[in-house]
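Listed below, chain by chain, are the residues.
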Amino acid sequence: PVDYEGEIEFKNVSFTYPDTGVQALKNISFKVKQGERLAILGRTASGKSTVADLLMRFYDVSEGQILIDGKDIRELDMDNLRQRIAYVPQNVFLFSESIENNIKFGYPQADRESVIKYSERAAVRSDIEDLPHQFDTVIGERGVTLSGGQKQRLSIARALIKDPDIIVLDDCLSALDANTEHKILRYLDGELGDKTAIIITHRISNLMDFDKIIVLDHGEIVEKGTHETLAAIKDGFYNQILKNQFSES
């Protein structure tokens, strides 16, 4: 596999879903340098997940360009692209297999030690060790059901074990409590400091440490900046999300 440095650029990207004709993104541009953390916020159906879909090439852009390390992603090898990006979607898919095999799915040659290490980093190791057969427990059989949060953390372990260059988490921290979310983000900040990370979310709880924040609405970037600069815009979208969350909690 060819490694990426991890610089990502969206240049005037527009996208319309071919099956529905719905325009999900309108002329969006942003750049994330190697090792930077970008948070993408917005309400439901604002276009957040479409950014991940296009970066993974589940679809190609309708207009504009997406570049990784200065190269158009349409010119990059697709298998390599998907190997070098750890993508954790909103809707987790687990196989009726052992927990170990579910974690190893993205990197079958991993040994048990690595599986344990990455389950720890995804804050799910103690949950697994509480199960009767631990890492050999088969998911989906004999009534072993995992909570939404446990499934999300298993899929994060599966993504991280590949040792990717770019990490994309698509609203996959939503079922986690703030403490667990913080543990995972702290690991991303610390040991994965040289990796580029895009976190798509509708929650602000841990966004203070991000290099850049983009707020999407109806497929357009309506605000971009840091937590401090966006929180200072009195009637801004970001400020509104902050207020709503604060009143809910």
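Coordinates for the structure precede this section.
Everything numeric in this text was worked out from a predicted model, so none of it was measured.

Cut-offs and rules
- Residues numbered from 1 in each chain as written.
- Predicted model: local features only at pLDDT ≥ 70, side-chain atom pairs only at ≥ 80, totals over all residues.
- Heavy atoms only, no water.
- Pairing = 2+ DSSP bridges.
- Helix = DSSP H or I, 4+ residues; strand = E, 2+ residues; numbered from the N terminus.
- Buried < 20%, exposed > 50% of the residue type's maximum accessible area, 1.4 Å probe, protein only.
- Lys, Arg positive; Asp, Glu negative; His and termini not counted.
- Salt bridge = Lys/Arg side-chain N within 4 Å of Asp/Glu carboxyl O.
- Contact = heavy atoms within 4.5 Å.
- Phe/Tyr/Trp six-rings, centres within 6.5 Å; stacked < 30°, edge-to-face > 60°.
- Lys NZ or Arg CZ within 6 Å of the ring centre and 35° of its normal.
- Axes fitted to C-alpha atoms, helices over the stretch in contact; angles between N-to-C directions.

Caption draft 1: A look at the sheet that holds strand 5 (residues 71-72). One open sheet holds the four strands; their spatial order is 2-1-4-5, and the pairing between them is antiparallel. The sheet is open, and its two borders are formed by strand 2 (23-32) and strand 5, each paired with just one other strand. In the sheet, strand 1 (residues 8-16) pairs with strand 2 via six bridges, with the strands oriented antiparallel. Following the sheet pairing, Thr16 is matched in strand 2 by Gln23.

Caption draft 2: Up close: the side chain of Glu9. Along the polypeptide, Glu9 turns up in strand 1. For the buried Glu9, which has no salt bridge, the nearest side chain bearing the opposite charge is Lys31, at an N-O separation of 4.1 Å. If we skip the residues at most four places from it in the chain, Glu9 touches Phe30, Lys31, Gln65, Ile66 and Leu67.

Caption draft 3: Summary view of the packing of aromatic side chains. Applying the stated criterion to the full structure yields six aromatic pairs. Ring centres of Phe15 and Tyr17 lie 4.7 Å apart, and the angle between their planes is 80 degrees; on these two criteria the pair is classed as edge-to-face. Overall, the relative accessible area of 2% leaves Phe15 in the buried class. With relative accessibility at 16%, the residue Tyr17 sits in the buried group. With 4.6 Å between their ring centres and 45 degrees between their planes, Phe95 and Phe105 make a pair best called tilted. Of the two residues, Phe95 is situated in the loop between strand 6 (85-88) and helix 3 (99-104) and Phe105 in the loop between helix 3 and helix 4 (112-121); the sequence distance between them amounts to 10 residues. For Phe95, a relative accessible area of 28% puts it in the partly exposed group. Among the aromatic residues, ring-to-ring pairing joins Phe15, Tyr17 and Tyr59 into one connected group. Sitting over the ring of Tyr118, Arg121 keeps its end group 5.4 Å from the ring centre.

Caption draft 4: Structural detail: the sheet that holds strand 3 (residues 37-42). The strand order 6-7-8-3-9-10 describes an open sheet built from six strands, whose pairing is mixed. One side of each edge strand has no neighbouring strand; the edge strands of this open sheet are strand 6 and strand 10 (220-225). If you compare each strand with its neighbour and ignore which way they point, the axes differ by 15 degrees on average. Examined bridge by bridge, strand 7 (residues 166-170) and strand 8 (residues 196-201) share five bridges and lie parallel to one another. Residue Leu169 lies in a different strand from strand 8, and its bridge partner there is Ile199. Sheet contacts for helix 6 (residues 148-160): strand 6 and strand 7; angle to strand 6, the most-contacted strand, approximately 170 degrees.

Caption draft 5: Structural context of the environment of Val32. Note on placement: Val32 falls in strand 2. By relative accessible area, Val32 is classed as buried at 1%. Apart from the residues lying within four places of it in its own chain, the contact partners of Val32 are Gly6, Glu7, Ile8, Leu38, Thr196 and Lys212.

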